[in-house]
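Summary of the model geometry
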Amino acid sequence: MNAPERLTLSGIRAAIIDLDGTMLHTAPDFHVAVNRMRADLTLDPLDIGTITHFVGKGTENLMRRVLGVDYGPEEVERHFPAALASYEKHYHAINGDYSSVYPGVREGLEALKSKGLRLACVTNKPISFAVPLLDKAGLRPYFDLVYGGDSLPKKKPDPYPLLKVCQDFGLQPAQVVAIGDSSNDAQAARAAGCKVLNVPYGYNHGEPIHNVDSDGIVSTLLDAAHLISA
Ligand SMILES: O=C(O)COP(=O)(O)O
Ligand SMILES: [Mg+2]
């Protein structure tokens, strides 16, 4: 990995930006919705740190992990449909109410746009959660494309969503940089042949982001924009 101060990425025409843990601090939304679901199932609440470590691989995975705290694999599957229905209802009801936009996000998106880059948001969050959240935060207008975890046949860390964006934009993967907070984003980008930058402030499954193979760690999206040129 290059030292951030010497890192530059040139020949970049588009950026693919992750949502949870990269643009928005959504952990408090997950915390509220998961615990309302758990209350419906007469389960005790979990602390925010435990829930946050389970975020990143989509809603179905999150449900299995938060049920797995109490149940073995068979019981998890038995309770899964009720848990998912309850969680979706509660998440929709509070989506964005407890979230905040991280510092440097708006400025970073502005800077990337002013460099002439096209922007896509690729998240493992379901699309029916992702678009209203981006709208509420005022970030939706920056993006030419938004793909959720259920928009395409495969989700990150599979490279498919990133390759789909490259194809949609008519660009080679080497002309595209992915920016995200987790190993999912980095693995998807590496497998697609895209460049990748990580931010250190998000949710990397409770693991240090420094162990993830990327082209560099940037402290904000604005710092990322400063390193990128067309
Ligand atoms: O909802 C998730 O599992 C994480 O979503 P992300 O891909 O935006 O980090
Ligand atoms: Mg993320």
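Residues numbered from 1 in each chain as written. Chains lettered and ligands numbered in written order. Predicted model: local features only at pLDDT ≥ 70, side-chain atom pairs only at ≥ 80, totals over all residues.

1. Remarks on the overall build of the protein
Where we set the bar: In this text, helices come from DSSP runs of H or I with a minimum length of four residues, and strands from runs of E with a minimum of two, each type numbered from the N-terminal end. Based on C-alpha atoms, the radius of gyration is set beside the globule rule, defined as 2.2 Å times the residue count to the power 0.38. To sort residues by burial, count the other C-beta atoms lying within 10 Å of each one's C-beta; a count of 20 or more means buried, 12 or fewer means exposed, and anything in between means partly exposed. C-beta atoms are built from the backbone. A pair of residues counts as a contact when their C-beta atoms, built from backbone coordinates, are within 7 Å of each other.
When its secondary structure is counted, the protein shows 9 helices and 7 strands. Here the C-alpha radius of gyration of the protein, 17 Å, is about what a compact globule of 230 residues would show, namely 17 Å. The dimensions of the protein, computed from C-alpha atoms along their principal axes, are 55 × 30 × 30 Å. A buried classification covers 42% of the 230 residues belonging to the protein. Taking the intrachain contacts of the protein between residues at least 6 apart in sequence as the baseline, contacts between residues at least 24 apart amount to 64%.

2. Points about the pairing of strand β1 (residues 14-17)
The test is simple: Criterion used throughout: strands pair if DSSP finds at least two bridges between them.
Of the two faces of β1, the one holding Ala-14 and Ile-16 and the one holding Ala-15 and Ile-17 are both buried throughout. Bridge count for β1 against strand β4 (residues 118-122) is 4 bridges, and the pairing is parallel. Of the residues in β4, the one forming a bridge with Ile-16 is Ala-120. Alignment of β1 against strand β6 (residues 176-180), held across 4 bridges, turns out to be parallel. Within β6, the position partnered with Ile-17 by the bridge is Ile-179.

3. A look at the nonpolar core
Burial of nonpolar side chains together is a common tendency in soluble globular proteins. Convention followed: Note on terminology: a nonpolar core is a set of buried residues of type Ala, Val, Leu, Ile, Met, Phe, Trp, Tyr or Cys, with members joined through C-beta atoms within 7 Å.
Ile-16, Leu-162, Val-177, Ala-178 and Ile-179 are the most contacted members of the largest nonpolar core, which totals 60 residues. Apart from the residues within four sequence positions on either side, Ile-179 is in contact with Ala-15, Ile-17, Asp-18, Thr-22, Leu-197, Val-199, Leu-221 and Ala-224.

4. Description of the site of ligand 1
Put simply, the test is: For each residue, a C-beta position is placed from the backbone atoms; the residue is near a molecule or strand when that point lies within 6 Å of it. Segmentation of the chain into domains, including their bounds, is taken from an automatic or database domain assignment.
If you check the shell around ligand 1, you find Asp-18, Leu-19, Asp-20, Gly-21, Val-55, Gly-56, Lys-57, Gly-58, Thr-123, Asn-124, Lys-125 and Lys-156 and nothing else. Counting residues domain by domain, the shell around ligand 1 receives three or more from each of domain 1 (4-25 + 100-227) and domain 2 (27-94).

5. Focus on the UniProt feature "binding site: Mg(2+)" (unreviewed entry) in the protein
The following threshold applies: UniProt positions are given in the numbering used here, feature names are shortened, and annotations may be inferred rather than shown by experiment.
The UniProt entry lists Asp-18, Asp-20 and Asp-181 under the feature "binding site: Mg(2+)" (unreviewed entry), expressed in the numbering used here. The greatest C-alpha distance among the residues just named is 8.1 Å, despite their covering 164 residues of sequence, which places them together in space. You can see Asp-18 is positioned in the loop between β1 and β2 (24-25). On the basis of neighbour count, Asp-18 is assigned to the buried category, with 26 C-beta atoms found within 10 Å. Filtering out sequence-adjacent residues up to four positions away, Asp-18 remains in contact with Val-122, Thr-123, Ile-179, Gly-180, Asp-181 and Asp-185. Following the sequence through the fold, Asp-181 ends up in the loop between β6 and α8 (183-192). For Asp-181, the contacting residues outside a window of four places in its chain are Asp-18, Gly-21, Thr-22, Asn-198, Val-199, Gly-202, Tyr-203 and Asn-204.

6. Quick word on the domain arrangement of the protein
It is common to report an interface's size as the accessible area lost on association of the parts. Condition: For this scheme, ten residues count as nonpolar: Ala, Val, Leu, Ile, Met, Phe, Trp, Tyr, Cys and Pro. Four count as charged, namely Asp, Glu, Lys and Arg, and the remainder, Gly too, count as polar.
According to the domain assignment, the protein consists of domain 1 (4-25 + 100-227) and domain 2 (27-94). Relative placement of domain 1 and domain 2: their C-alpha centres are 25 Å apart. A per-class count over the side of domain 1 that touches domain 2 returns 3 nonpolar, 7 polar and 2 charged.

7. Quick word on the sheet that holds β1
Heads up, the condition is: Fitted lines through C-alpha atoms give the axes, limited to the stretch in contact for helices. The angle between two N-to-C directions lies from 0 to 180 degrees.
On the basis of which strands lie adjacent, the open sheet formed by 5 strands has the order β5-β4-β1-β6-β7 and parallel pairing. Every interior strand has two partners, whereas the edge strands, β5 (145-147) and β7 (195-198), have only one. This sheet shows a mean twist of 20° between the axes of neighbouring strands, independent of strand direction. Strand contacts of helix α7 (residues 160-169): β1, β4, β5 and β6, with the helix running at about 155° to β4, the strand carrying the most contacts.

8. A few points about the environment of Phe-30
In this structure, Phe-30 sits in helix α1 (residues 27-40). By C-beta crowding, Phe-30 is classed as buried, having 24 other C-beta atoms within 10 Å. Residues in contact with Phe-30, not counting those within four places in the same chain, are Ile-51, Thr-52 and Val-55.

9. Thoughts on the environment of Pro-161
Tracing the chain through its elements places Pro-161 in helix α7. We classify Pro-161 as buried; it has 25 C-beta atoms within 10 Å. For the pair Pro-161 and Gly-148, spaced 13 residues apart in sequence, the C-alpha to C-alpha distance is 9.0 Å. The contact partners of Pro-161, leaving out residues within four places of it in the chain, are Val-122, Tyr-147, Leu-152, Lys-155, Lys-156 and Ala-188.

10. What about the pairing of β4?
Note the following rule: Note on handedness: a crossover is taken as right-handed if, strands pointing away from the viewer, the path from the first strand over the helix to the second is clockwise.
As paired strands, β4 and β5 are joined by 3 bridges and run parallel to one another. Across the sheet, Ala-120 pairs through a bridge with Leu-145, a residue of β5. One crossover worth recording links β4 to the parallel β5 by way of helix α6 (residues 127-137), and it is right-handed.

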